[in-house]
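Chain by chain, the residues run as shown.
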Amino acid sequence: MMHATTRKWIGMAGLAAAVAIGGAAWTAGGPAHAAGMEIRMQDREPAGTPQRGGRLSLLIRLDATNLDPHTAIETSAYVVIEQIYDSLVESVRGEVRPALAERWEVSQDGLVYTFHLRGNARFHGGRPVTSEDVKYSIERIRNPATASPRARSFEGFAIETPDPRTVVLRLSRPHAPLLPLLSTNGASIVDRTVAEAPGGLNGSVGGGSGPFVLAQRVVGQRIVLNRNPNYHDPERPYLDGIDVTFNPDDNARAAAIRSGTVNFLWRAAPEFIDTLKADPQLKWYGGEGSLSLHLRLNVSRKPYDDVRVRQAIYHALDRQEILEIANSGHGQPLNAGYLPPDRWGSVKTPIYGAPDLAKARALLAEAGLANGFSTNLMVISTSAFQVRSAEVIQQQLAKIGIRVTLRLVEATVSNAALRRDDFDLFQSGFSLSLDPDERFSSAFVTDGGTNYGKWSEPEYDRLILAARGETDRAKREALYQQAETILAIRGPVAMTWVSADYDVVRRNVMGYVGDSSPSYRFYRNLWLAR
Amino acid sequence: MLRLVLLRMVAVVPVLFGVSVLTFLLVRLVPGDVVDALATEEFDDPRAEAELRRLFGLDQPLFVQFGTWIWGVLHGDLGYSYRSRRPVLDEILDRFPLTLELTLAALLVSVVIAIPLGVLSATRRNGPVDTGARLLSLLGLSIPNFWLGILLMALFAVHLRWLPSGGSNAFAFAWDHFKFLILPAVTLGASLAAETMRMSRAALLEVLAKDYVRTGRAKGLHERVVIYRHALRNALIPVVTVVGIQAGALLGGTVVVEQIFSWAGLGSLVVRAIVQRDYPLLQGLILFLTTFYVIVGLMVDIAYMYLDPRLRRRG
């Protein structure tokens, strides 16, 4: 569950340029790792004119237990949901674009959003998508009986439906993350008649208006999606359908794409990527990722309440080494905030570099812990790369006299412990979100839902609140950079590294345009060369 | 014989009740519940958490939860999975045919290899065939399932491209279905065969030393009749026991092979239920598997009676 991602964006400055020159290297890894760090988000050669027809056979890791877009919480579910459902708008590499709404206006004061729905969008059952459906969907998310994990984000505005094709949202104060929020699959517009029928949205019927229709679902075995002939874009999708199957074993997944049993392998494991890259029958994409890893310190416990102890740890870590060992170097070290330096809102210049052990020891001595101390580091046992991260951290902290005992637990056990603030150190990770507000708020703001250890810093809170209300993109980014700097210097967390993800396809799969924001809406552009 | 079968069936009831109570308590002893399992970084709403616990009845006292569940079970209702929100029985019945099929196929592979090899081995004791077969069985016992599976996959799926690397298809008497079954069945069958082969060899050797075998030979019976009609039949009883235990274990424990070959059976469902703390699903699964295990045990007993007339009379 730690891999659960939201489909969100963080600007990818530099990405377009990197793609244009055919996959530039990250600079962070140094030349020795440049080959492993290559980024490729689409084919270098133009793929030609899309052809209609054929089915994609897509292998993902785990079955989606819940396909209701308003309550789903697994990445595997997001991949499927984004094919079945549309939202009001969508994000493509950080840019909000029309989806069910063909255009929209935001009032000067940022308080009134008016969306104009396209006239040709229909649910899979045949009903046209109207403003009432938009209203119903948002109210369904808010309804406590739905128990949506994201209900809180959808509060703070009133919904009006002056006519079937117009939706007006009235805010009490400006809220910059609203459009990215409405572009998520969690904000999918659903067909009320399906949602309220027995079985609801998690049955074998999809209540969406998206490019593909849920045709069959055999739990644990396959999800069959067929082309929606009435999709609002008459050209797309090009494929006749997508057959989704599941396999959690990385070895077997690699064998499946090499043998041609499937033609799209979603998120190949980094350990296999070199073999897969070398196979002439395959093409790979990726090199960017969306999982940000870090070490969380429980500031409600001694000695982590002392900022000098926290800083000693921040200076003692060698983030590059952690990345090398934990993920074979596939990713980027995080030497500042949780956002990698190429994303919108991130701190561009590193705050940490090579470990400064003398400084770390001095800080510990200042805090009265010259002889170090013993502590526990909790890590999720089923996540191999997180366990490896924790092991490297254990070694690195030993150098300044901190004796770390690893506690390997299941994700459910760690979640329960975190909620009771019952931990010393926690090897943690979360996925990047389309808008940074979500993670900044939930994980670090005072009383944030996932602010384990209850760190509280008024200056940080003020910056995040101000950024939320700031509609000027440049000013907003500057606020986030200030907030990230506070986090990095005196916050409750040592950022360590961000993953690189890879998708691998057979040679005849065309039209891939990746989006590590992350978004999975590009499957409608895929086609098979025959 | 019928009486014996009936008696055994009555004895099943307390077993099932005991297993139900134990499962119910044990799953709740594990730290964390389904809401903790759901509670990722995205789940930052305490109200939704409370609502989910209420929805699942986790806010009720334990005895109320147990009472509600057992009452449902007695009415044939195993409840709903917390995570998929589908009826538990549907979840199980969707996957059971695949598990049963893989189990039977693996046992078939195993028996077809093991018994003839065991007979050859025992009758040509210490000869080259025996040595070869014993080495092979040692290999079969020591190679872990997942590794053999990956090797077979590399050869037959990636290199030769004769078979798909994984997946499963709705049952049909067609290549499109059976091509998915071959690799997992052979993978599972191979290690079972090793065990069964050693058991049949040992049992047959023991029987071949018996007086009646000497008598048979002395009165001039053809060696084939001595071995297949007299010796083998008596040697099969411990073999049937082993195969029966294997069948029971396969029904609930083929997780690794299921995962490697994307075979949507019960094993991976059990793991999912445990990891996600899906109490009703896990309780239902254990109850179902126990019932089935007991039935297999009963069938093994009946097979004994068929193989050994002395047991029939005792009943």
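Cut-off values and rules
- Residues numbered from 1 in each chain as written.
- Chains lettered and ligands numbered in written order.
- Predicted model: local features only at pLDDT ≥ 70, side-chain atom pairs only at ≥ 80, totals over all residues.
- Heavy atoms only, no water.
- Helix = DSSP H or I, 4+ residues; strand = E, 2+ residues; numbered from the N terminus.
- Rg over C-alpha atoms; globule rule 2.2 N^0.38 Å.
- Buried < 20%, exposed > 50% of the residue type's maximum accessible area, 1.4 Å probe, protein only.
- Core = buried A, V, L, I, M, F, W, Y, C linked by side-chain atoms within 4.5 Å.
- Contact = heavy atoms within 4.5 Å.
- Buried area = accessible area lost by both parts, 1.4 Å probe.
- Salt bridge = Lys/Arg side-chain N within 4 Å of Asp/Glu carboxyl O.
- Polar contact = N/O pair within 3.5 Å; in protein donor to acceptor, adjacent residues only side chain to side chain.
- Nonpolar A, V, L, I, M, F, W, Y, C, P; charged D, E, K, R; others polar.
- Phe/Tyr/Trp six-rings, centres within 6.5 Å; stacked < 30°, edge-to-face > 60°.
- Lys NZ or Arg CZ within 6 Å of the ring centre and 35° of its normal.
- Pairing = 2+ DSSP bridges.
- Domains from an automatic or database assignment.

> When you look at the overall build of chain A in this model, what are you seeing that I'm missing?
When its secondary structure is counted, chain A shows 15 helices and 21 strands. Its C-alpha atoms give chain A a radius of gyration of 23 Å, within 12% of the compact-globule value 24 Å for 530 residues. Referenced to the eigenvectors of the C-alpha coordinate spread, the extents of chain A come out at roughly 70 × 55 × 45 Å. Expressed as a percentage of its 530 residues, the buried residues of chain A come to 63%.

> Would you mind showing me how to read the pairing of strand β17 (residues 425-431) of chain A here?
For a regular strand, side-chain orientation follows a simple rule: the groups alternate between the two sheet faces. Burial runs high along β17 of chain A: seven of the seven residues are buried. Going residue by residue along β17 of chain A, you find L425, Q427, G429 and S431 of chain A tucked away on one face and F426, S428 and F430 of chain A tucked away on the opposite face as well.

> In this structure, what is going on with the nonpolar core? I would like to understand it.
Grouped burial of nonpolar side chains is what soluble globular proteins tend to show. With 119 residues, the main nonpolar core has L56, L58, L225, I242, F264 and Y523 of chain A as its most contacted residues. If you tally residues by element for this core, the top one is helix α13 (residues 279-307) of chain B, at 12 residues. Judged by nonpolar contacts, the second largest core, of 37 residues, contains Y304, I322, A367 and L369 of chain A.

> Explain the interface of chain B and chain A to me, please; I cannot follow it from the model alone.
Contact residues are listed per partner, giving 47 residues for chain B and 53 residues for chain A. Roughly 4,000 Å² of surface becomes buried between chain B and chain A when both sides are summed, with 50% attributable to carbon and sulfur atoms. Here chain B and chain A share three salt bridges between them. Put simply, E74 of chain A and R83 of chain B hold a salt bridge, and the shortest N to O gap is 3.4 Å. One can count 11 residue pairs in polar contact (both at pLDDT 80 or more) joining chain B with chain A. Secondary structure elements with two or more residues in the side of chain B that touches chain A: α2 (34-38), α3 (46-55), α5 (88-123), α7 (145-159), α11 (255-260) and α12 (266-275) of chain B. Broken down by element, the side of chain B that touches chain A gets its largest block of residues, six residues, from α3 of chain B. For the side of chain B that touches chain A, a count of residues per class yields 20 nonpolar, 10 polar and 17 charged.

> Is there a simple way to explain the packing of aromatic side chains in this structure?
Using the criterion set out here, one finds 28 aromatic pairs over all chains in the structure. Measuring from ring centre to ring centre gives 5.1 Å for Y338 of chain A and F440 of chain A, while their planes differ by 70°; the resulting arrangement is edge-to-face. With a gap of 102 residues between them, Y338 of chain A in the loop between β14 (331-333) and α10 (357-366) and F440 of chain A in helix α13 (residues 437-444) connect regions that are remote in the sequence. Considered together, Y338 of chain A and F440 of chain A belong to a single accessibility category, that of buried residues. For the ring pair F96 of chain B and F288 of chain B, a centre distance of 4.9 Å and an interplane angle of 80° mean the geometry is edge-to-face. Taken together, the positions of F96 of chain B in helix α5 and F288 of chain B in helix α13 put the pair 192 residues apart, joining distant regions of the chain. Taking relative accessible area as the criterion, F96 of chain B reaches 10% and is therefore assigned buried. Through successive ring pairs, a cluster of aromatic residues spans Y338, W344, F430, F440, F444, W455, Y460 and Y480 of chain A. Across the ring face of F157 of chain A, the terminal group of R142 of chain A is positioned such that the distance to the ring centre comes to 4.6 Å. One Lys or Arg, R28 of chain B, reaches over the ring of F24 of chain B and ends 3.7 Å from the middle of that ring.

> Would you mind going over the pairing of strand β10 (residues 241-246) of chain A with me for this structure?
All names here are of chain A. Of all six residues in β10, five are buried; the element is thus mostly enclosed. By the bridge criterion, six bridges tie strand β1 (residues 55-60) to β10 in an arrangement that is parallel. In the sheet register, R55 faces β10, and the bridge partner there is G241. When strand β9 (residues 222-227) meets β10, the two strands line up antiparallel, connected through four bridges. When the sheet's bridge partners are listed, L225 is paired in β10 with I242.

> How do you make sense of the side chain of R476 of chain A when you look at a structure like this?
Within the secondary structure, R476 of chain A is located in helix α15 (residues 473-490). There is a polar contact of 3.0 Å between the side chain of R476 of chain A and the side chain of Y480 of chain A.

> I keep staring at the domain arrangement of chain B and nothing clicks. Help me out?
Many structure descriptions define interface size as the accessible area lost when the parts assemble. Residues and elements named next belong to chain B. According to the domain assignment, chain B consists of domain 1 (32-77) and domain 2 (95-314). Domain 1 and domain 2 are separated by 39 Å when their C-alpha centres are compared. Facing the seven residues of domain 1 at the interface are seven residues of domain 2. A combined buried area of about 550 Å² lies between domain 1 and domain 2, and 65% of that area is made up of carbon and sulfur atoms. Ranking the residues of domain 1 by area buried against domain 2 places G32, V34 and W69 at the top, with a combined share of 62%. Where domain 1 packs against domain 2, one counts zero salt bridges. For the interface between domain 1 and domain 2, the tally reads one residue pair in polar contact (both at pLDDT 80 or more). Of all elements in the fold, only α2 and α4 (62-74) reach the threshold of two or more residues within the side of domain 1 that touches domain 2. Considering only residue class, the side of domain 1 that touches domain 2 consists of five nonpolar, one polar and one charged.

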